[in-house]
Every structure is written in C-alpha cells, then in structure tokens.
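Working through the structure, step by step
For reference, the chains in residue letters:
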Amino acid sequence: MTLHRFCIPPERWSDDHVALTPECARQLRTVLRLRAGATVELFDGHGRQCLARLLEPEPGAETRAEVLERLPITGEPSHELLLLQALLKGEKCDFVVEKAVELGATRVLFWPAARSVVRLEPDRLEGRLTRWRRIATEAAEQCGRCRVPEVGYVASLDALPGMIAAEERPYLLVAYEAEEYRPLRAALAVEPAPRSVAVVIGPEGGLAPEEVAALGRQGGVEVTLGRRVLRAETAALAALALVTEILER
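In this convention, every chain numbers its residues from 1, walking through the sequence in written order. With pLDDT at 70 or above as the cut-off, local features in this predicted model cover only qualifying residues; side-chain atom pairs require 80 or more to be listed or tallied, and sums for whole chains, interfaces and linings still use all residues. Each side-chain value is worked out from all heavy atoms of the structure, with water and hydrogens disregarded.

**Looking at the overall build of the chain**
Segments assigned H or I by DSSP are reported as helices when at least four residues long, segments assigned E as strands when at least two residues long, and all are numbered from the N terminus. Summing up its helical and strand segments, the chain has seven helices and eleven strands in all. Relative accessibility thresholds used throughout: buried, under 20% of the residue-type maximum; exposed, over 50%; partly exposed, between the two (1.4 Å probe, protein chains only). Taking all 249 residues of the chain together, 47% fall into the buried category. Put simply, of all contacts in the chain between residues at least 6 apart along the chain, 73% involve residues at least 24 apart. Note that accessible areas follow from Shrake-Rupley with a 1.4 Å probe, and for residues the cover is restricted to the protein chains shown. If you sum the accessible surface of the chain, you get close to 13,000 Å²; carbon and sulfur atoms cover 50% of it. Two residues form a contact once any of their heavy atoms are found within 4.5 Å.

If you want it as structure tokens, here you go:
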C-alpha cells in the first residue's frame, strides 16, 4: 500500500521524533482523516526520509510522529540537472516547476529573456518564488523524491556564472532552433559523461540571437530537440527527459 508522504523541514526533526508543521497536521486530520497510530512517510527535502507513526497530540502541543525506520535515498538522479527557464506567460511556469521536479531537475532558475512577455517586479517576485517552491515541495511529495529542488531567479544571463558554484561547472546546453540540426543526444556524447548539466530554454518567442551568442561565450552548446517546433514549456520537459534518459543509462 502506498503511504502518504509529507515534507517536514529539517529543523523539526530529532533522532526519534518529527514535529509536524501545522499545515501538515491539519491535512492529516481534516482532509485525510488519519489518526494516532497511522503510518506515514516523512522526508526533509535534503535527503533524509523515514517511516513514522503518528502520535496522539497533547492539548496545546504540536502533533508529532515517532520515527520507526530510516529509509534510503530514493528517486534522486545520478547527476546534477539545472533548468534555466525563461519567464513564461500565465501558469506555464507553475507547470514547468511541477514537471521539472518529476523529471529529475535538481535546480530550476527562471530568468527574464529579451522576448519574455512577463516581467516580475521585486514586489511580485518573492510571491512567485514562494508559490513555485511550494509547488516543487508538493511535486517531490507526489513523485517520491527525497530532495526538493531549489527554485530561484536570475536577473540576467550576465549574472548566471555567479549563481553556479565554480566546482559545479555544468555542461551548458542551449535549446535553439538553429539552421544546423544538432540533436541533444549527440551533444551529450562526450567522454567522460558530464556529471552536471544545465539546460537553457527560451520564452514563447524563442531566444534572441544575442542571447545565444552570450551563452556561447559562457561555453554553451546549441542543441535542437527534434524536427518540430515545440512550445516553450514542452521544450523544457523534452530536454529534461532526454538528458535524464541519456545520463541514467
């Protein structure tokens, strides 16, 4: 039987107990109608997970769960996979975050491309990031991952190197409908196989030539995702799925 999974922040864990968040406790009680003695699966979003038994809450105290068994790390990719997604219209970014987590992305960074219709002012940015991080957590709960990918924002391509630790040195793939057809699989046919890959996806109108040139100066390799024109959100998922399939052979 599949157990209900919940992400509980690391600071709420001890050696033998986990203090549930008020939101989690409320969902257990009012939505799922689970009671003391029920077994659930808990993880902290950073690689720790366990089976736990819900305890009877004491009056005025937080709901806690007793750790029954530590579980091994599951659902995590064997490589680092960064998605650099240009801002998209409507709820497309929500969709991309959810599916990127399911497909094995370890980090998602949004950025305002030259052809992005959406622009996020500082007063709106924090709200969007909070929303995207919640979606990432819920997706990790659903798909069985132990780590919740980081979701962030980079103000421009010039700021990109500063957002990536020097030791990561990801192999940078740029999805672009260039005249020369270069499949992503061919671009990844290098030895040794990269342990860290970053994929750049443009907005609805595609990447501007000057952006492709800037990424090339940063070591970016242009790739194509097939012989059909893909929507931006479809391109992101296709690229992630291809990279994961190739590197996890």
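**Here we look at the sheet that holds strand β2 (residues 17-19)**
With mixed pairing, the five strands of this open sheet are ordered in space as β1-β3-β4-β5-β2. Bordering the open sheet on either side are β1 (5-7) and β2, each of which pairs with just one other strand. On average, adjacent strands in this sheet sit at an angle of 40 degrees to one another, irrespective of strand direction. Pairing between strand β4 (residues 49-54) and strand β5 (residues 64-71): six bridges, direction antiparallel. Looking across to β5, one finds that R53 is bridged to E66. Only strands joined by at least two bridges in the DSSP assignment are considered to pair. Lines are fitted to the C-alpha atoms to define the axes, a helix being fitted only along its stretch in contact, and any angle between axes, read from their N-to-C directions, falls within 0 to 180 degrees.

**Comments concerning the confidence of the model for the chain**
Taken residue by residue, the chain gives an average pLDDT of 90. The fraction at 70 or more is 95%. Per-residue pLDDT, averaged within each element of the chain, yields its smallest value for helix α4 (residues 160-163) (67) and its largest for helix α2 (residues 92-102) (97). Residue-level confidence of the predictor is what pLDDT reports, using numbers from 0 through 100.

**Brief notes about the layout of surface pockets**
Which parts of space are left empty comes out when a probe the size of a water molecule is rolled across the atoms. Every definition here rests on a 1 Å grid over the protein atoms only: cavities are sets of points where a 1.4 Å probe fits but cannot get out, pockets are open sets enclosed by protein on both sides within 12 Å along at least five of seven lines, and lining residues have some atom within 4 Å of a point. Grid points are joined across faces, edges and corners, and a volume is the space filled by probe spheres set on the points. Of the voids in this model, the largest pocket is the one considered here, and its volume is about 430 Å³. Lining of the largest pocket is provided by 18 residues; of these, C7, T21, E23, T137 and E141 occupy positions nearest its centre. Of all elements in the fold, only β1, α1 (22-31) and α3 (122-143) reach the threshold of two or more residues within the lining of the largest pocket. Residue contributions to the lining of the largest pocket peak at four residues, all from α3. Here the term charged refers only to Asp, Glu, Lys and Arg, the term nonpolar to Ala, Val, Leu, Ile, Met, Phe, Trp, Tyr, Cys and Pro, and the term polar to all other amino acids, Gly among them. Its residues assigned to classes, the lining of the largest pocket shows seven nonpolar, five polar and six charged.

**Quick word on the packing of α2 against α3**
Where α2 contacts α3, the two axes come as close as 8 Å, and the packing angle between them is 35 degrees. In this structure, the crossing between α2 and α3 has a hand that is right-handed. Across the interface between the two elements, C93, D94, V97, E98, V101 and E102 from α2 touch R131, W132, I135, A136, A139, A140, Q142 and C143 from α3. Its residues assigned to classes, the contact of α2 with α3 comprises nine nonpolar, one polar and four charged. If you view the pair so one helix is near and one far, a crossing is left-handed when the near helix is turned anticlockwise from the far one by less than a right angle, and right-handed when it is turned clockwise.

**A word on the pairing of β4**
A regular strand places its side chains so that they alternate between the two faces of the sheet. Burial runs high along β4: five of the six residues are buried. One ladder, built from five bridges, connects strand β3 (residues 39-43) with β4; its direction is antiparallel. In the strand pairing of β4, F43 is matched with Q49. Counted along the chain from β3 to the antiparallel partner β4, the turn is five residues long, and its residue G45 has a positive phi close to 80 degrees.

**Side note on the pattern of salt bridges**
Any two side chains of opposite charge can pair, given that their charged atoms come close. The salt bridge criterion pairs a side-chain nitrogen of Lys or Arg with a carboxyl oxygen of Asp or Glu, the two atoms within 4 Å. Taken as a whole, this structure holds 13 salt bridges when the rule is applied. One salt bridge in this structure joins R12 and E62, with 2.5 Å as the shortest N-O distance. Remark: E62 occurs in the loop between β4 and β5 and R12 occurs in the loop between β1 and β2; sequence separation between them is 50 residues. Ionic pairing is found between R131 and D94, a salt bridge with its closest N-O pair at 2.6 Å. Here D94 lies in helix α2 and R131 lies in helix α3, a separation of 37 residues in the sequence. Look at R131 and you get partly exposed, because its relative accessible area is 32%. Taking the relative accessible area as the measure of exposure, D94 reaches 11% and is therefore buried. Three or more residues are tied together by salt bridges with common partners; here these are E98, K99 and E102.

**A look at a positive patch on the surface**
The grouping of R26, R29, R33 and R35 at the surface amounts to a positive patch. Within the secondary structure layout, R33 lies in the loop between α1 and β3. Looking at R33, the relative accessible area reads 60%, which means it is exposed. To count toward a patch, a residue needs a relative accessible area over 30% and no salt bridge; like charges are then connected within 9 Å, while nonpolar side chains (Val, Leu, Ile, Met, Phe, Trp, Tyr) are connected within 5 Å. Positive charges come from Lys and Arg, negative ones from Asp and Glu, while His and the chain ends are left out of the count. Working definition for charges: the position is that of NZ of Lys, CZ of Arg, CG of Asp or CD of Glu.

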